[in-house]
Amino acid sequence: MKKTFSHFLQDFRAYKIRFLLVLFGVGWGTITIILLMGFGVGMMMGVQEGMSGMGEHIAILWAGQTSIPYEGLGIGRSIRFIPEDAELLKERIDIVDETSPEYIAWGRPIRYEEKLRQAKVHGVNPTYGKMRNLMPEKGRFINKLDIEQRRRVIFLGNEEKEKVFGEKKAVGEKVLLSGVPFTVIGVMKEKSQSSSYSGSDEQASFIPYTTYKVIYGRRYLNDIVYRPISPELAEKAQEEVYAVLSKKYKFDPNDKEALSFWDVTDTEEMIDKMTKGIEIFLALVGAMTLLIAGAAVANIMYFLVDERTKEIGIKRSVGASAKDILGQFFFESLLLSSIGGLVGIGFSSLILYLCSFIPRTGMFEFFGTPKMSPEIPVVTFIILLIISFFAGYFPAKKAASLNPVECLRYE
């Protein structure tokens, strides 16, 4: 091995440009595939994180109008939910884990000292925070006592807090919401949210639904948010929701206009399939790039065999066997590919590491920061070695099969 490596160093000095071209081709191919996969992984994680920002495996339920006559009742009747319906669904349907009524109002005035804003206000219950991923950075979310005692407490989205309070501390402070004093109990932790049915949570405010009902005099809800105990039971949960509410509001259980759903599980499955498709596409593009790099290695090695024909003849004439020539060229091909691959992995890892410091704004807010999972460089290097094996084997076999006498005559 030591002798082979010594021969490699001699050949490298003699054919420096050719060897550097091999290193560049392999390194460039490795950098390309790792960056492609790194940006792909970052995008997939960003999209999934953005989707989960609204909540995982939840469903949003809206009331509609009847479109089928039922038990003597005509079509066009409006269905309207009341807060008790959310609790009814949880009581009657075993596979529903959590529910929350939801009131929503836009353009409600919120004042702190001399600052006045038009706010979006949600009236919800404590389980809404868990379902919708409203994690407090400071303070807390609405609790059971807030609901029972109709407390005037408010939980602010992080951007809403900045616009109302600026750099000042918000938790414990008083604000006037529609002229009524409220105590700020918490501020939402910043999150990525790429989907919504009522606007960004960052710019929203949340109060107990019982307090909302008293202050604004609203009887009927905007919607009900619920979550099945398992995403696999989402479709069955919809059927049971229809069964429970059709019985209460007297409409045909098959009337698809009476209720409407946005089942986030369906969207999650679609996103998952899309991201897997992108991952496969990027992997194929990367593999083709490595194949092209392997072809470049093979071409240069074939060229080196032709260029070094006389050298091969001299080596064979002084005792080198065909096996020695085969091993030398094969070793050079694998070593060059390995060095080029490792340099490419190191350089691309550095680029992806530097990308991790990019703020999650602009395109990186929803598509994520490029990241490299540990298996990407390992798999890339293994594939590279396999390609390099074939790229080096055939030129090496050609070199080993050359007739020594013909080699010495070669000009």
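Note that the coordinates shown come from a computational prediction; the quantities given were computed from them, not determined experimentally. (Residues numbered from 1 in each chain as written. Predicted model: local features only at pLDDT ≥ 70, side-chain atom pairs only at ≥ 80, totals over all residues. Heavy atoms only, no water.)

All right, on to the overall build of the protein then. When its secondary structure is counted, the protein shows 14 helices and ten strands. Residue burial in the protein is summarised as follows: out of 411 residues, 47% are buried. Put simply, 77% of the contacts in the protein that link residues at least 6 apart link residues at least 24 apart. Surface exposure of the protein reaches about 20700 Å², of which carbon and sulfur atoms provide 61%. (Helix = DSSP H or I, 4+ residues; strand = E, 2+ residues; numbered from the N terminus. Buried < 20%, exposed > 50% of the residue type's maximum accessible area, 1.4 Å probe, protein only. Contact = heavy atoms within 4.5 Å. Areas by Shrake-Rupley, 256 points an atom, 1.4 Å probe, with all protein chains shown as cover.)

With that settled, consider the pairing of strand β1 (residues 59–63). Both β1 and strand β9 (residues 223–228) contribute to a ladder of three bridges, which runs antiparallel. Across the sheet, the residue bridging to Ala59 is Tyr226, located in β9. The pairing of β1 with strand β10 (residues 259–263) spans five bridges and is antiparallel. For Trp62, the partnering residue across the bridge sits in β10 and is Ser260. (Pairing = 2+ DSSP bridges.)

If you walk through the whole model with that rule in mind, you get eleven aromatic pairs. Judged by centre distance (4.8 Å) and plane angle (55°), the ring pair of Tyr212 and Tyr216 falls under tilted. You can see Tyr212 and its partner Tyr216 sitting in helix α7 (residues 209–216), four residues apart, about one turn around the helix. For Tyr212, a relative accessible area of 0% gives the class buried. The ring centre of Tyr242 lies 4.8 Å from the NZ or CZ of Lys256, which sits over that ring. (Phe/Tyr/Trp six-rings, centres within 6.5 Å; stacked < 30°, edge-to-face > 60°. Lys NZ or Arg CZ within 6 Å of the ring centre and 35° of its normal.)

Our focus in this paragraph is a negative patch on the surface. A cluster of acidic side chains, namely Glu232, Glu235, Glu239, Asp266 and Glu269, defines a negative patch on the protein surface. For Glu232, a relative accessible area of 67% puts it in the exposed group. (Patch = residues over 30% accessible without salt bridge, like charges linked within 9 Å, V, L, I, M, F, W, Y side chains within 5 Å. Salt bridge = Lys/Arg side-chain N within 4 Å of Asp/Glu carboxyl O. Lys, Arg positive; Asp, Glu negative; His and termini not counted. Charge placed at Lys NZ, Arg CZ, Asp CG, Glu CD.)

Our next topic: the side chain of Thr210. Residue placement: Thr210 occurs in helix α7. Judged by its relative accessible area of 15%, Thr210 is buried. In this structure the side chain of Thr210 is engaged in a polar contact, spanning 2.8 Å, whose partner is the backbone oxygen of Ile147. (Polar contact = N/O pair within 3.5 Å; in protein donor to acceptor, adjacent residues only side chain to side chain.)

What follows concerns the nonpolar core. With 64 residues, the main nonpolar core has Leu61, Phe81, Ile154, Phe206 and Leu245 as its most contacted residues. In this view, Leu61 contacts Phe81, Leu89, Asp223, Ile224, Tyr226, Val241, Leu245, Leu259, Ser260 and Phe261; residues no more than four positions away in its chain are not counted. In this structure, Leu35, Phe329, Leu336 and Ile387 belong to the second largest nonpolar core, which totals 25 residues. (Core = buried A, V, L, I, M, F, W, Y, C linked by side-chain atoms within 4.5 Å.)

Taken together, Tyr302, Val378, Ile382, Ile386, Phe389, Phe390 and Phe394 make up a surface patch of nonpolar side chains, about 660 Å² in accessible area. Looking at the nonpolar patch, the element that brings in the most residues is helix α13 (residues 375–401), giving six residues. Looking at the element boundaries, Ile382 is found in helix α13. Judged by relative accessible area, which is 47%, Ile382 ranks as partly exposed.

What follows covers the confidence of the model for the protein. Per-residue pLDDT for the protein has a mean of 82; in total, 82% of the residues score no lower than 70. Put simply, helix α14 (residues 404–409) is where the protein has its lowest mean pLDDT, 54, and strand β5 (residues 153–156) is where it has its highest, 97. (pLDDT = per-residue confidence, 0-100.)

Before going further, it helps to spend a moment on the environment of Gly157. Residue position: Gly157 is located in the loop between β5 and α6 (158–165). The class of Gly157 is buried, set by a relative accessible area of 0%. Residues Gly157 and Glu202 lie 45 residues apart in sequence; the distance between their C-alpha atoms is 4.2 Å. For Gly157, the residues in contact, after removing those within four places along its chain, are Met188, Asp201, Glu202 and Ala204.

Right, let's talk about the side chain of Glu98 for a bit. Looking at the element boundaries, Glu98 is found in strand β2 (residues 96–112). Under the relative-accessibility criterion, Glu98 is labelled buried at 10%. For Glu98, the side chain forms a polar contact with the side chain of Lys130, separated by 3.4 Å. The contact partners of Glu98, leaving out residues within four places of it in the chain, are Lys90, Thr127, Lys130, Met131, Val225, Tyr226 and Arg227.

Across the chain, the bulk of peptide bonds are trans and the bulk of non-glycine residues have phi less than zero. Positive phi, normally seen in glycine, also occurs at Glu71, with a value near 50°. In this fold, Glu71 is placed in the loop between β1 and α3 (83–92). Even without being a glycine, Ser178 presents a positive backbone phi close to 55°. Positionally, Ser178 belongs in the loop between β6 (174–177) and β7 (180–188).

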